[in-house]
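Each chain, written out:
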Amino acid sequence: MAAHKPVEWVQAVVNRFDEQLPIKAGQQNTHTKVSTEHNKECLINISKYKFSLVISGLTNILKNVNNMRIFGETAEKNLYLSQLIILDTLEKCLAGQPKDTMRLDETMLVKQLLPEICHFIHTYREGNQHAAELRNSASGVLFSLSCNNFNAVFSRISTRLQELTVCSEDNADVHDIELLQYISVDCSKLKRLLQETVFKFKALKKVAQLAVINSLEKAFWNWVENYPDEFTKLYQTPQTDMADCAEKLFDLVDGFAESTKRKAAVWPLQIILLVLCPEIIQDIAKDVVEETKMNKKLFLDNLRKALAGHSGSRQLTESAAIACVKLCKASTYINWEDNSVIFLLVQSMVVDLKNLLFNPSKPFSRGNQNADIDLMIDCLVSCFRINPHNNQHFKICLAQNSPSTFHYVLVNSLHRIITNSALDWWPKIDAVYCHSMELRSMFSETLHKAIQGCGAHPAIRMTPSLTFKEKMTSLKFKEKPTDLETRSYKFLLLSLVKLIHADPKLLLCNPRKQGPETQGSTAELITGLVQLVPQSSMPDIAQEAMEALLVLHQLDSIDLWNPDAPIETFWEISSQMLFYICKKLTSHQMLSSTEILKWLREILICRNKFLLKNKQSDRSSCHFLFLYDVSGGGTSQMSLDHEEMKSCTPGATLRRGKGNSSMESTAGCSGTPICRKAQTKLEVALYMFLWSPDIEAVLVAMSCFRHLCEEADIRCGVDEVSVHNFLPNYNTFMEFASVSNMMSTGRAALQKRVMALLRRIEHPTAGNTEAWEDTHAKWEQATKLILNYPKTKMEDGQVTESLHKTIVKRRMSHVSGGGSIDLSDTDSLQEWINMTGFLCALGGVCLQHRSNAGLATYSPPMGPVNERKGSMISMVSTEGNAETPVSKFIDRLLTLMVCNHEKVGLQIRTNIKDLVGLELSPALYPMLFNKLKNTISKFFDSQGQVLLTETNTQFVEQTIAIMKNLLDNHTEGSSEHLGQASIETMMLNLVRYVRVLGNLVHAIQIKTKLCQLVEVMMERRDDLSFCQEMKFRNKMVEYLTDWVMGTSNQATDEDVKCLTRDLDQASMEAVVSLLAGLPLQPEEGDGVELMEAKSQLFLKYFTLFMNLLNDCSEVEDDSAQTGGRKRGMSRRLASLRHCTVLAMSNLLNANVDSGLMHSIGLGYHKDLQTRATFMEVLTKILQQGTEFDTLAETVLADRFERLVELVTMMGDQGELPIAMALANVVPCSQWDELARVLVTLFDSRHLLYQLLWNMFSKEVELADSMQTLFRGNSLASKIMTFCFKVYGATYLQKLLEPLLRTVITSSEWQHVSFEVDPTRLEPTESLEENQRSLLQMTEKFFHAIINSSSEFPPQLRSVCHCLYQATCHSLLNKATVKEKKENKKSVVSQRFPQNSIGAVGSAMFLRFINPAIVSPYEAGILDKKPPPRIERGLKLMSKILQSIANHVLFTKEEHMRPFNDFVKSNFDAARRFFLDIASDCPASDTVNHSLSFISDGNVLALHRLLWNNQEKIGQYLSSNRDHKAVGRRPFDKMATLLAYLGPPEHKPVADTHWSSLNLTSSKFEEFMTRHQVHEKEEFKALKTLNIFYQAGTSKAGNPVFYYIARRLKAKKPASFEEPF
């Protein structure tokens, strides 16, 4: 379009520009600002090629806008903004005007645009708050217009001059003459103006003459300031025509100045005209002056006279001062080498001029303060440029007792000197650096007075070094300044801040000062500026303060903060600033917080540049520290409270010596408390901006995370550590930064992305925890206001300011005390919604900061002796942590799920449902599930009856929606947390509640949603935790099948019928998912045989499904005949029929054994449709891979075999999930039985070592010392004892029987006593002889034991080796990381002097050898009990042997101390023996597994233990997550097998023997072991045939073996009984 129709295209662009002006589009936001700027740039570029079209279009827009009628403050502001935008665009278009503009364009500009511009310059006078800005902008347009169109402007001025020569005095309009002040004037144009004025001056009316005099002077300065080179050349090469015009006008004006008043009016112009005549100035400086020039000399003499105060007229004195300042100013544009005479002229007047203008005792004043100040600034600047070393007037202005006007003049003069240095010979500002200290004092004093005058309190001290000095005796702050004084202080303060912005070095310079003093002055300066940033009463000063602070953070400026220690000073001061600003941001004490955040982003960029520069320049001077301690694998925050931070004195860490610019350590810089506190507070601020309703604020906060990451990158590059040591959540922060470029995204999409990233934050830090808690506090306050609305609306006239004030004026986030909220503002509710989402998404990581609430936790296996109660399981309920903020938040969310606020109740409920269901952190799922379960359980009375209320129903409906969203939404990390709390009880209660709702439309809809939830639940089955899954699913099938109505639905309303069919469909889809792999499980205790009960249950469901299929067929026939709307119903029925067939298939598939007999007959049914259905079901179960093995006669044995396989199943890391779970939940009263079962089963699978490893490792982990190891009555101790009993009986028999018989029967021991306790000695006994006898017997036994290592059973070697290795492994794990790195072997010896081998010896003697020695008869070694004398000796001997094994001496029993020498002398021998039996583990295939046959007693005991503890096992696995490595499949298989097997008290079908089993002994295993049956070849050959099955016992109590004939070709008897 631009190429083919340029005019239309340009017009379209102009129209778009017009439509997006604030006066038409409304108040601007970030998006519209960007769009407007884009339109401006587009028009400016187009104007270079289609100038006339663009200017004409903009002129018309300006006309239309100026003619608009507006009402109200907002409309007036939008009009003003629109006018500024148009004028600024016009100025830039005119500045780029092409040189070949046609005459027609000039005419157009003069006729159309110029009048509009003059309208702004002439019409908008004082009174309009925007007049000054509009006039300045319009003057800029006029200046650009006159650059290329001077003739048009000049013509207007000339015409006006002509009119003023003929008009009356009263009707004189001089407005167009004032245009001279704003037009672009060069040398030639100035001559034209002078010539025109000379030509018409005399004929002008008086008022016009005065206007011309005033305007020409300003036109001169336009020329000098815009074309200084032309003015300089005037003195290098004088121009006669210019001088002639100036001289003529001088004479005309001189003649006009007849009175004192007129002289005062013309003197400023006369001195300018004289300056335009360099040669005349030369001539009148001579002693002899021509007559024609005498009036010029006389003028100068009168000027000097008036300046000295000798004229007798104050008016002339003031005019003389103005003229002399103009002369001084003009002289600065002349190189003194070109004309020294003018400088002599200046010097002859400047002393009197300074005395007049800068006299503290008699300040200069003409009644117009602004004009006086401008005059004094011009004088001060000019004097500095003439002679920068004569600074006496500087000292006068700097004096603290000088008027504030002097201070203001000085500061603005210095600012002009810095910012305006166009000519080479003008001196630079560095000549004033010596006054830095006085300027800083002026800044501090002015700051204090300005803040005091505003009624605000000075900012809280950040550190002692960053506050004002208390000894500032010159400050008189006892009286609060008046409003006028406060205003003057504000102006001065603004100028001072601008001065810092212009040249920070001017106030940073500290000549001849030590490092700490330099740092203190810098800190004071920056603190003052930081205090200004949040000052809402001084927005212009606050903005300028931010700019100044940004300049102070530039690389060159930071180096000046303290050249002696730049890095340390940077960290301390910059961190102080960050902390203060972020604290204000998070406490919401700042207007335009988004703008402040943008500025903060620039500060972070500057900080990183400085860090990078120092990293590259000197690595040795740039060490940094860890913000987070991650050495332990976790993240611990280093957070401090405010008082700690205040006590951090920066100066304390500085080096006092000279030349030390590097840091000693990071503890002196970024390791100081304030640095960590600043880092935390910055994180808090960025987090809390993420829930702002202002899109720009959110995006800026997200982009700031990039700079946090860059800082971490720099610091880790220096310290050569992981970036996560500085920012644990580095990766997520980088993702935040990348998303910050999404400018075009909508508010909702952006918040969704933010919440997704918040959920990915893994590590709790002080920053995210504090951000969550602060947001939660504000959210609670806002929630109360919402719920109380409109009660609190505008109470007592209070208006609440928003947190993010850049977008709205009233919202809840800045409420305090009696704040209010206006829900008519959509941003108010949106901010509350954003906060809710923020808390939901980030709550999980904050939960990690505390102990997990709402989870079931368990004591580790083999807990400490003093904690071993009846059960090892210890549940911690949700209520235990009910007071945590996260728990309170979830509770509050649950109450809001049923919020019935009349105005926003629906919005709140909808948003809570969506946010909790879709955005909640997965880590909060367990807590949510438990709280929902607890809440819904209250909807039932003590008898289990439903408490039906509208609120309860609403809560149930919301819960169903939330759970469906939650399970449907596969949030990252959800799989890990879904299974940490069971939802079985909640789901059952939901169904129980919904069942009683009836069949109204709403009730049907709720039931349908609940069925859909059940289906989704089963889809996420692998991620969820079920304690009694089979029982739960069976109950759910029972409930949901009741909702299937089929043709029993008698509703007449077609809509209700459709809803009912939808419920049928949803119910059947849920039932299909529930029946998949589900063995039917009848209610327990009904007195019916298990298989019979299952068969009846199968028949019930199968009949229901068949009836439903028949209903579908009948309705389908009716539908085919009616057509129309019925076709939709027909489609529904087809889908329902498909679901029903699937349900039948799943039912039969999982229950072939009990269901095939009921379903097989359908294949021969007379009804073709029924037969076809059966074939379809049969086909599907065949496709599903149904295992018909369950119909075999060995099905029961096979299932028990699979149960054993599951319990003995081992994970990749050697873990035993089911076995260890069982060990943790079985009550201690059943530990003996459990120990026997586990050892028997694991040994039969050749996995005994793995069992022992897991058990022993847990026991060692809980042991406080080696002496307490295996001393308690723990499960591990019982397992060890059982192993020793089963595997060590023969060894003990062979080892101890000969020794004991010798002691008992040998003649030499017949009359020997072993009593060594003096209190128990007989009178005839000798203590020494008894001691020798006991020692002799002990030595004999001890040597026999340690010499029997070759006879030590391989199985027990394996047990000892396992214990040894487990002890070493566990103790190493208990040692610190540092200890492990230094010496792995020394770790154990440092913790326990005996080393871990001592555990082996101690346990072996305690649990194995000594019990047999002390009680040989009970151990089966002797046929009868030894005599009491021998028993006493054996007991004392066991004490000595145990001391040797424990590696300890006797200390408490005095009578045993004489044996310490013997004990000590045998330590090494015992250690060698223990190492011999424990160091090497025999290969698995070399160990004889004596328990190859498992008695049915053990299997049935296992069944009983698993069945009774099934729910606890599920809870344990869910909470401890031990099954991560192997998944939840083992538990699922176990639950399925138990469901098939049924309760242990039921009689197994086809085996009546098993019902009487109650085997608690292990005689069979002991028999097999004692007679070494497993070693016989006959046994091995028989075993390989796999034709025997052992189960049950005979009447005599002997094991029964069943012979399986079909496994052997030869025909043999079916079974036999053989007693052993």
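Criteria and thresholds
Residues numbered from 1 in each chain as written. Predicted model: local features only at pLDDT ≥ 70, side-chain atom pairs only at ≥ 80, totals over all residues. Heavy atoms only, no water. Helix = DSSP H or I, 4+ residues; strand = E, 2+ residues; numbered from the N terminus. Buried < 20%, exposed > 50% of the residue type's maximum accessible area, 1.4 Å probe, protein only. Contact = heavy atoms within 4.5 Å. Areas by Shrake-Rupley, 256 points an atom, 1.4 Å probe, with all protein chains shown as cover. Expected span 1.5 Å × (residues − 1). Arc of directions from axis to C-beta. Salt bridge = Lys/Arg side-chain N within 4 Å of Asp/Glu carboxyl O. Phe/Tyr/Trp six-rings, centres within 6.5 Å; stacked < 30°, edge-to-face > 60°. Core = buried A, V, L, I, M, F, W, Y, C linked by side-chain atoms within 4.5 Å. Disulfide = S-S within 2.5 Å. Axes fitted to C-alpha atoms, helices over the stretch in contact; angles between N-to-C directions. Parallel < 35°, antiparallel > 145°, perpendicular 65-115°, else oblique. Left-handed = near helix turned anticlockwise from the far one by under 90°. Nonpolar A, V, L, I, M, F, W, Y, C, P; charged D, E, K, R; others polar.

## Quick word on the overall build of the chain
Part 1: When helices and strands are tallied, the chain shows 66 helices and five strands.
Part 2: With 1620 residues in all, the chain has 55% of them scored as buried.
Part 3: Taking contacts inside the chain between residues at least 6 apart in sequence as the whole, the part at least 24 apart equals 76%.
Part 4: A total of about 69900 Å² of accessible surface is found on the chain, and carbon and sulfur atoms cover 50% of it.

## Examining helix α1 (residues 6-19)
Part 1: Across its 14 residues, α1 extends 20 Å between first and last C-alpha, which sits within 8% of the 20 Å expected from 1.5 Å per residue.
Part 2: Where α1 is concerned, the buried positions are Val10, Val13, Val14, Phe17 and Asp18. Down the axis of α1, the smallest arc covering the buried residues is 140°, so these residues share one side.

## A short note on the pattern of salt bridges
Part 1: The tally for this structure, following the rule as stated, stands at 43 salt bridges.
Part 2: Notably, a salt bridge pairs Asp1042 with Arg995, separated by 3.5 Å at the nearest N-O pair. Pair noted here: Asp1042 is in the loop between α43 (1029-1041) and α44 (1054-1075) and Arg995 is in helix α41 (residues 984-995), with a separation of 47 residues, a long-range link.
Part 3: Of the charged contacts, one joins Lys1294 and Glu1351 as a salt bridge, the two residues approaching to 3.7 Å between their closest N and O atoms. Here the residue Lys1294 occupies a position in helix α53 (residues 1275-1305), and Glu1351 occupies one in the loop between α54 (1327-1346) and α55 (1354-1374), the gap between them amounting to 57 residues.
Part 4: Here the salt bridges do not stand alone but share partners, grouping Glu37, Lys40, Asp88 and Lys92 into one network.

## Overview of the packing of aromatic side chains
Part 1: Applying the stated criterion to the full structure yields 29 aromatic pairs.
Part 2: Ring centres of Trp267 and Phe299 lie 6.1 Å apart, and the angle between their planes is 80°; this geometry places the pair in the edge-to-face category. Of this pair, Trp267 sits in helix α13 (residues 260-275) while Phe299 is found in helix α15 (residues 294-307), placing the two residues 32 residues apart along the sequence. Across the pair, Phe299 and Trp267 agree in class, each one buried.
Part 3: Among the aromatic side chains, those forming a connected cluster through ring pairs are Phe220, Trp221, Trp223, Phe231 and Tyr235.

## Remarks on helix α38 (residues 925-937)
Part 1: When the terminal C-alpha atoms of α38 are compared, their 18 Å separation across 13 residues agrees well with the 18 Å that a helix rising 1.5 Å per residue should span.
Part 2: For α38, the set of buried residues is Tyr925, Pro926, Met927, Leu928, Phe929, Asn930, Lys931, Leu932 and Ile936.

## Details of the side chain of Ser921
Part 1: Structurally, the position occupied by Ser921 is in the loop between α37 (905-918) and α38.
Part 2: Residue Ser921 is classed as buried on the basis of its relative accessible area of 5%.
Part 3: Every residue in contact with Ser921, bar those within four places of it in the chain, is listed here: Arg759, Cys840, Ala841 and Gly844.

## Structural notes on the nonpolar core
Part 1: With 350 residues, the main nonpolar core has Phe231, Ile581, Trp599 and Met1017 as its most contacted residues.
Part 2: Considering each element in turn, this core owes the most residues, 13 residues, to helix α31 (residues 695-719).
Part 3: Apart from the residues within four sequence positions on either side, Phe231 is in contact with Phe220, Trp223, Val224, Val275, Ala330, Tyr333 and Ile334.
Part 4: Counting residues in each nonpolar core, the second largest holds 105 residues, with Ala1219, Met1337, Val1400 and Trp1507 among its members.

## Describing the side chain of Thr732
Part 1: With respect to the secondary-structure elements, Thr732 resides in helix α32 (residues 730-739).
Part 2: The residues contacting Thr732, other than those within four sequence positions of it, are Leu757, Arg760 and Ile761.

## So, unusual backbone geometry
Part 1: Although it is not a glycine, His1447 adopts a positive phi angle of roughly 65°.
Part 2: Tracing the backbone through its elements, the reader meets His1447 in the loop between α59 (1428-1446) and α60 (1460-1465).
Part 3: The class of His1447 is partly exposed, set by a relative accessible area of 26%.

## Points about the state of the cysteines
Part 1: In this structure the tally under the stated criterion is zero disulfides.
Part 2: Cys277 carries a free sulfur, and the closest cysteine sulfur to it, the one in Cys245, is 9.5 Å from it.

## A short note on the packing of α38 against helix α39 (residues 950-968)
Part 1: It is the contact of α38 with α39, at a shortest axis distance of 12 Å, that shows an interaxial angle of 155°. Comparing the axis directions of α38 and α39 gives the class roughly antiparallel. At the point where α38 passes α39, the crossing takes the left-handed sense. Residues Tyr925, Leu928, Phe929, Leu932, Thr935 and Ile936 of α38 form the contact with α39, whose own contacting residues are Phe955, Thr959, Ile962, Met963 and Leu966.
Part 2: Counted by class, the contact of α38 with α39 contains nine nonpolar, two polar and no charged residues.

## A few points about the environment of Phe838
Part 1: Relative to the helices and strands, Phe838 is located in helix α35 (residues 826-848).
Part 2: Judged by its relative accessible area of 2%, Phe838 falls in the buried class.
Part 3: Sequence separation of Phe838 and His776 is 62 residues, and the distance between their C-alpha atoms is 9.3 Å.
Part 4: Not counting chain neighbours up to four residues away, the residues in contact with Phe838 comprise Tyr687, Trp691, Met755, Leu758, Ala771, Trp772 and Thr775.

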